[in-house]
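Observations on chain architecture
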Amino acid sequence: MIKSELVQRLAEENPHLFQRDIENIVNAILDEVGDAMARGDRVELRGFGAFSVKNRPARVGRNPRTGETVDVGEKYVPQFKAGKEIRERINRAG
Amino acid sequence: MTQKTVTRADLAEAVYEAVGLSRTESAELVERVLDLIGDALVAGQNVKLSSFGSFQVRSKNERIGRNPKTGEEVPILPRQVLVFKPSNVLKSKINKSMVRSGK
């Protein structure tokens, strides 16, 4: 399922809303999650999962082909941990 | 660093501010978005949300695990796991803002 299909399905469930509004709603949700992580906040959605940001400290890496050392700067990466309910549902279905 | 936890209520508030719906309806729509994503994943579909990321269901084979306390070997049964792959847009947005703020 891609974003437009999600919008389509929501539009079918909500005939009183414009498709444009549905798009804005989906984007508002995703933007809010992204903005929260960009502030370093955690997003916790019970039953669904939790988004957080993890710090990867600067390190000295190595080009595996040449063996040359390279400085890798500090990084922040998004993380997602699936919630208990969805984890169980996915397993039961699979 | 002060870390806040964002919840469904905050997402509903964002929807409320973006579109002129009632708070109740905004909250219901947040719930439906999460449900529809969940249902697709349970049905074995991947969910791709452009400029955000994709949720994928991966199958894990059976493997032998070990109880770290007792050293006992236990089989870990084949199972399905949910993984999130952030888009490059999301990754760079987070990285830029966090490195800049020096958190």
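Residues numbered from 1 in each chain as written. Chains lettered and ligands numbered in written order. Predicted model: local features only at pLDDT ≥ 70, side-chain atom pairs only at ≥ 80, totals over all residues. Heavy atoms only, no water.

1. Observations concerning the environment of Ser59(B)
Residue and element names in this part refer to chain B.
- Along the polypeptide, serine 59 turns up in strand β3 (residues 53–60).
- A residue is classified by how much of its surface remains accessible, and serine 59, at 59% relative accessible area, is exposed.
- A C-alpha to C-alpha distance of 9.0 Å links serine 59 and leucine 82, two positions 23 residues apart in sequence.
- Once residues lying within four places of it in the same chain are set aside, the contact partners of serine 59 are Arg79 and Gln80.
- Here the side chain of serine 59 touches glutamine 80 through a polar contact of 3.3 Å, side chain to side chain. (Helix = DSSP H or I, 4+ residues; strand = E, 2+ residues; numbered from the N terminus. Buried < 20%, exposed > 50% of the residue type's maximum accessible area, 1.4 Å probe, protein only. Contact = heavy atoms within 4.5 Å. Polar contact = N/O pair within 3.5 Å; in protein donor to acceptor, adjacent residues only side chain to side chain.)

2. Comments concerning helix α1 (residues 8–18) of chain B
- Every buried residue belonging to α1(B) is among Leu11(B), Ala12(B), Ala14(B) and Val15(B), and all of these are buried. With its buried residues spanning 155 degrees around the axis, α1(B) presents them on a single face. Along α1(B), the residues that are exposed and aim more than 90 degrees away from the buried face are Ala9(B) and Glu17(B).
- On its buried face, α1(B) is in contact with α2 (19–38) and β1 (42–45) of chain A together with β1 (5–6) and α2 (23–42) of chain B. (Arc of directions from axis to C-beta.)

3. Some details on the side chain of Ser87(B)
All names here are of chain B.
- Inspection of the secondary structure puts serine 87 in the loop between β6 (79–86) and α3 (88–101).
- Serine 87 sits in the buried class, given a relative accessible area of 15%.
- Engagement of the side chain of serine 87 in a polar contact is seen with the backbone oxygen of serine 51, the distance being 3.1 Å.
- In this view, serine 87 contacts Ser51, Phe52 and Gly53; residues no more than four positions away in its chain are not counted.

4. Structural notes on the sheet that holds β1(A)
- Pairing within the open sheet is mixed, and its four strands lie in the order β5(A)-β2(A)-β1(A)-β1(B). On the outer flanks of this sheet lie β5 (75–82) of chain A together with β1 of chain B, each paired with one strand and no other.
- Across three bridges, β1(A) lies against strand β2 (residues 49–56) of chain A in antiparallel orientation. Note on β2(A): the bridge partner recorded for Leu45(A) is Gly49(A).
- In the packing of α2(A) onto the sheet, contacts are made with β1, β2 and β5 of chain A together with β1 of chain B, and the angle to β2(A) comes to roughly 35 degrees.
- Sheet strands touched by α3(B): β2 and β5 of chain A. Its angle to β5(A), the strand with the most contacts, is close to 125 degrees. (Pairing = 2+ DSSP bridges. Axes fitted to C-alpha atoms, helices over the stretch in contact; angles between N-to-C directions.)

5. Some words on a positive patch on the surface
- The grouping of Lys54(A), Arg56(A), Arg59(A), Lys75(A), Arg58(B), Lys60(B), Arg63(B), Lys85(B) and Lys91(B) at the surface amounts to a positive patch.
- Counting residues per element, the ones that place at least two in the positive patch are β2 of chain A together with β3 of chain B.
- The topology assignment puts Lys85(B) in strand β6. (Patch = residues over 30% accessible without salt bridge, like charges linked within 9 Å, V, L, I, M, F, W, Y side chains within 5 Å. Areas by Shrake-Rupley, 256 points an atom, 1.4 Å probe, with all protein chains shown as cover. Salt bridge = Lys/Arg side-chain N within 4 Å of Asp/Glu carboxyl O. Lys, Arg positive; Asp, Glu negative; His and termini not counted. Charge placed at Lys NZ, Arg CZ, Asp CG, Glu CD.)

6. Some words on the confidence of the model for chain A
- Put simply, chain A has an average pLDDT of 94, and 98% of its residues get 70 or more.
- Highest mean pLDDT in chain A belongs to β1(A) (97); lowest belongs to helix α3 (residues 84–93) of chain A (88). (pLDDT = per-residue confidence, 0-100.)

7. Thoughts on the side chain of Lys3(A)
- As for its placement among the helices and strands, Lys3(A) is situated in helix α1 (residues 3–13).
- No salt bridge is formed by the buried Lys3(A); the nearest opposite charge belongs to Asp31(A), separated by 6.8 Å.
- At 2.8 Å, the side chain of Lys3(A) forms a polar contact with the side chain of Asn27(A).
- Setting aside residues no more than four positions away along its own chain, Lys3(A) makes contact with Val26(A), Asn27(A), Leu30(A), Lys48(B), Leu49(B), Ser50(B) and Ser51(B).

8. Section: the pairing of β3(B)
Residue and element names in this part refer to chain B.
- Strand direction decides the pairing type here: strand β2 (residues 47–49) and β3, joined by three bridges, are antiparallel. For valine 47, the partnering residue across the bridge sits in β3 and is phenylalanine 55.
- Between β2 and the antiparallel strand that follows it, β3, lie three residues; serine 51 among them carries a positive phi value of about 65 degrees.
- Direction of pairing for β3 relative to β6: antiparallel, over a ladder of eight bridges. From the neighbouring strand, arginine 58 faces β6, where its bridge partner is valine 81.

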